[in-house]
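One-letter residues, chain by chain:
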Amino acid sequence: MLIHPWDAVRDDAEWQQWLAVHDFGQLAVNGPAGEPPFVQPLHFAYDPARGEALTHLARPNPLWGALEASPDCLLSVVDDYAYIPGPWQADPEGPAEHGTPTSFYAAVQLRCRAHLVDDPAEKAVLLNHQLGHFQPEGGSAPVAVGEAPYGRMLSGIRGLRLEVTAVRAKFKYAGKRTALVRDRIADRLADRGGPGDAAAREHLLRRQGA
């Protein structure tokens, strides 16, 4: 992922706060020689204190063999994207039709080392952590070894702790454009009001203010 200086994060807090509420991504794992990577969509719970993401998958998933062979992997999260028409980005002193179309988006890529979790008690702790993240209001029974309703299901999954070893993050929101052009884009996003436009506009204004 190319990251220009104007798209780079201001500090770690910027990507960590964004990742805290963007907890669905794709885990890319090296495939066999000559084959493309395995890519698995999944929910995860990122723990900044421990520097790891927690998740689980069904035991038959083909990722397990790939992770055992090569535990280095990449968790990629992309969201808050919007298409920006060329005229919105045009130089105010030039023809509108000469503006360059582009995409706005936020992206965080976590390079990780995978640790597989097979101990039933450890899996229960991991699953309860995920439940606490995704269902803070409760409503589901806790996961406990040998206890209904989830204890009997533990053998059908494997837990996964993704130890984060490096982070690349990007917030691509007209960072190199003039204030006049950014204001125009913000107005157009508000007027269009399509999927992702409000979030993209919020990032544009936030980063412009910073």
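For the structure, see preceding data.
Computed from a prediction, not measured in an experiment: that's the story for all the values here.

Analysis parameters
- Residues numbered from 1 in each chain as written.
- Predicted model: local features only at pLDDT ≥ 70, side-chain atom pairs only at ≥ 80, totals over all residues.
- Heavy atoms only, no water.
- Helix = DSSP H or I, 4+ residues; strand = E, 2+ residues; numbered from the N terminus.
- Buried < 20%, exposed > 50% of the residue type's maximum accessible area, 1.4 Å probe, protein only.
- Contact = heavy atoms within 4.5 Å.
- Areas by Shrake-Rupley, 256 points an atom, 1.4 Å probe, with all protein chains shown as cover.
- Lys, Arg positive; Asp, Glu negative; His and termini not counted.
- Charge placed at Lys NZ, Arg CZ, Asp CG, Glu CD.
- Pairing = 2+ DSSP bridges.
- Axes fitted to C-alpha atoms, helices over the stretch in contact; angles between N-to-C directions.
- Phe/Tyr/Trp six-rings, centres within 6.5 Å; stacked < 30°, edge-to-face > 60°.
- Salt bridge = Lys/Arg side-chain N within 4 Å of Asp/Glu carboxyl O.

**Q** Explain the overall build of the protein residue by residue, including any values.
**A** For the protein, the helix and strand inventory stands at five helices and seven strands. Taken from the N to the C terminus, the helices and strands of the protein come in the order α-β-β-β-β-α-β-β-α-β-α-α. Summarising its shape, the C-alpha atoms of the protein cover approximately 70 × 45 × 25 Å along the three principal directions. The buried share among the 210 residues of the protein stands at 38%. Once local pairs closer than 6 in sequence are excluded, the contacts in the protein between residues at least 24 apart make up 75%. About 11200 Å² of surface is accessible on the protein, with carbon and sulfur atoms providing 54% of the total. Averaged over its 21 positive side-chain charges, the protein has a centre that lies 4 Å from the centre of its 26 negative ones.

**Q** Could you give an account of the sheet that holds strand 6 (residues 102-117), with specific residues and numbers?
**A** Backbone hydrogen bonds are what pair the strands of a sheet, in a parallel or an antiparallel way. With antiparallel pairing, the seven strands of this open sheet are ordered in space as 2-1-5-6-7-4-3. Of all the strands in the sheet, the pair left with one neighbour each is strand 2 (38-43) and strand 3 (45-47). Each adjacent strand pair in this sheet contributes to an overall mean axis angle of 35°, direction not counted. Bridging between strand 6 and strand 7 (residues 157-172) involves 13 bridges; their strand directions are antiparallel.

**Q** Break down the packing of aromatic side chains for me, citing the residues and quoting the values.
**A** Inspection of the entire model under this criterion finds three aromatic pairs. On the basis of an interplanar angle of 85° and a centroid distance of 6.1 Å, the ring pair of tryptophan 18 and phenylalanine 171 is categorised as edge-to-face. Taken together, the residues span a long stretch of sequence, with tryptophan 18 in helix 1 (residues 12-20) and phenylalanine 171 in strand 7 at a distance of 153 residues. You'll find tryptophan 18 and phenylalanine 171 in the same group, each marked buried.

**Q** I'd like to hear about the pattern of salt bridges, residue by residue, with values.
**A** Under the defined criterion, the tally for this structure stands at nine salt bridges. Notably, a salt bridge pairs glutamate 52 with arginine 50, separated by 2.9 Å at the nearest N-O pair. Take arginine 50: its relative accessible area is 56%, and that puts it in the exposed class. Among the charged side chains, a salt-bridge network with shared partners connects Arg59, Glu68, Asp118 and Arg158.

**Q** An account of unusual backbone geometry is requested, with residue identities and associated values reported.
**A** Negative phi characterises most residues that are not glycine, and trans characterises most peptide bonds. The omega angle of the peptide bond from alanine 148 to proline 149 is 5°, so this bond is cis rather than trans. Mapped onto the fold, proline 149 is located in the loop between helix 3 (120-134) and strand 7. In this structure, aspartate 80 is a non-glycine residue whose phi angle is positive, near 55°. Along the chain, the position of aspartate 80 falls in strand 5 (residues 72-84). Using a relative accessible area of 10% as the deciding quantity, one classes aspartate 80 as buried. The residue alanine 174 is not glycine, and still its phi comes out positive at about 60°. Within the secondary structure layout, alanine 174 lies in the loop between strand 7 and helix 4 (179-192).

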